[in-house]
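Examination of the molecular architecture
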Amino acid sequence: MAKSDRNKELAALFLGLVTVVSVAALISGAAFLNSLLPGGLPAGNIVAACILCAPAGAAVLLSPPRTPVSYFSIAALVAAVAWLPVSIALAGNLLLNFAGPNGDIWQVQTVCSTLAAYLALAWAAIRRLVAWRR
């Protein structure tokens, strides 16, 4: 295995750890989630964005270049990175408090972004395992 492949796998593993820690923080309701960052953005919003961005980033790292899985992984990463700015735009505030139909649009956007990120990771990981077994 080439050194660059090993480095990508280690980076993907780190992103997996970021995902697990972020999910654990949200599930546990960690006190720091309500802390406001400079500019007024709650830390919990950044943690939620990590739950989308980290697995999509790991999928990009694990995908062979110029393959359908790499293109899908890149699209999932773009959707994940766009999740927070689009959410803020839909809510009209940094706290992501929604009113009216924008809340429904946000839910669909969140589900689609989440599914894309984790589907990309699963696809890339399975492809990587199959290639490794050969």
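The structure displayed is predicted, hence computed values, not measured ones.

1. Some thoughts on the overall build of the protein chain
What the protein chain contains, in helices and strands, is four helices and zero strands. If you list the helices and strands of the protein chain from N to C, you get α-α-α-α. Counting across all 134 residues of the protein chain, residues that qualify as buried make up 34%. Counting contacts in the protein chain only where the partners sit at least 6 residues apart, residues at least 24 apart contribute 63% of the total. Summed over its atoms, the accessible surface of the protein chain is roughly 8000 Å², and 72% of this surface lies on carbon and sulfur atoms.

2. Comments concerning the nonpolar core
In this structure, Ala56, Ala76, Trp83, Leu84, Leu96 and Ala124 are the most contacted members of the largest nonpolar core, which totals 20 residues. With seven residues, the single largest contributor to this core is helix H2 (residues 43-62).

3. Some remarks on the pattern of salt bridges
In the structure shown here, the tally under the stated rule is two salt bridges. Linking arginine 128 and glutamate 9 is a salt bridge whose minimum nitrogen-to-oxygen distance equals 3.1 Å. Highlighted residues: arginine 128 in helix H4 (residues 102-133) and glutamate 9 in helix H1 (residues 3-28), separated in sequence by 119 residues. Residues joined in a network through salt bridges with shared partners are Arg6, Glu9 and Arg128.

4. A word on the packing of aromatic side chains
Aromatic rings considered in pairs are described by the distance between their centres and by the relative angle of their planes. Scanning the entire structure with this criterion turns up three aromatic pairs. On the numbers, 5.8 Å between centres and 50° between planes, the contact of phenylalanine 72 with tryptophan 123 is tilted. Placement of phenylalanine 72 in helix H3 (residues 68-91) and of tryptophan 123 in helix H4 is noted, with a sequence separation of 51 residues between them. For tryptophan 123, a relative accessible area of 37% translates into the label partly exposed.

5. Section: the packing of H1 against H2
Close contact between H1 and H2 brings their axes to 8 Å; oriented N to C, the two are set at 155°. Relative to H2, H1 is oriented roughly antiparallel. Between H1 and H2 the crossing geometry is left-handed. For the pair H1 and H2, contact is made by Lys8, Glu9, Ala11, Ala12, Leu15, Val18, Thr19, Ser22, Val23, Ala25 and Leu26 and by Gly44, Val47, Ala48, Cys50, Ile51, Ala54, Pro55, Gly57, Ala58, Leu61 and Leu62, respectively. The residue makeup of the contact of H1 with H2, split by class, is 16 nonpolar, four polar and two charged.

The rules behind the values
Residues numbered from 1 in each chain as written. Predicted model: local features only at pLDDT ≥ 70, side-chain atom pairs only at ≥ 80, totals over all residues. Heavy atoms only, no water. Helix = DSSP H or I, 4+ residues; strand = E, 2+ residues; numbered from the N terminus. Buried < 20%, exposed > 50% of the residue type's maximum accessible area, 1.4 Å probe, protein only. Contact = heavy atoms within 4.5 Å. Areas by Shrake-Rupley, 256 points an atom, 1.4 Å probe, with all protein chains shown as cover. Core = buried A, V, L, I, M, F, W, Y, C linked by side-chain atoms within 4.5 Å. Salt bridge = Lys/Arg side-chain N within 4 Å of Asp/Glu carboxyl O. Phe/Tyr/Trp six-rings, centres within 6.5 Å; stacked < 30°, edge-to-face > 60°. Axes fitted to C-alpha atoms, helices over the stretch in contact; angles between N-to-C directions. Parallel < 35°, antiparallel > 145°, perpendicular 65-115°, else oblique. Left-handed = near helix turned anticlockwise from the far one by under 90°. Nonpolar A, V, L, I, M, F, W, Y, C, P; charged D, E, K, R; others polar.

Note that all results are geometric; they support no functional claim without further evidence.
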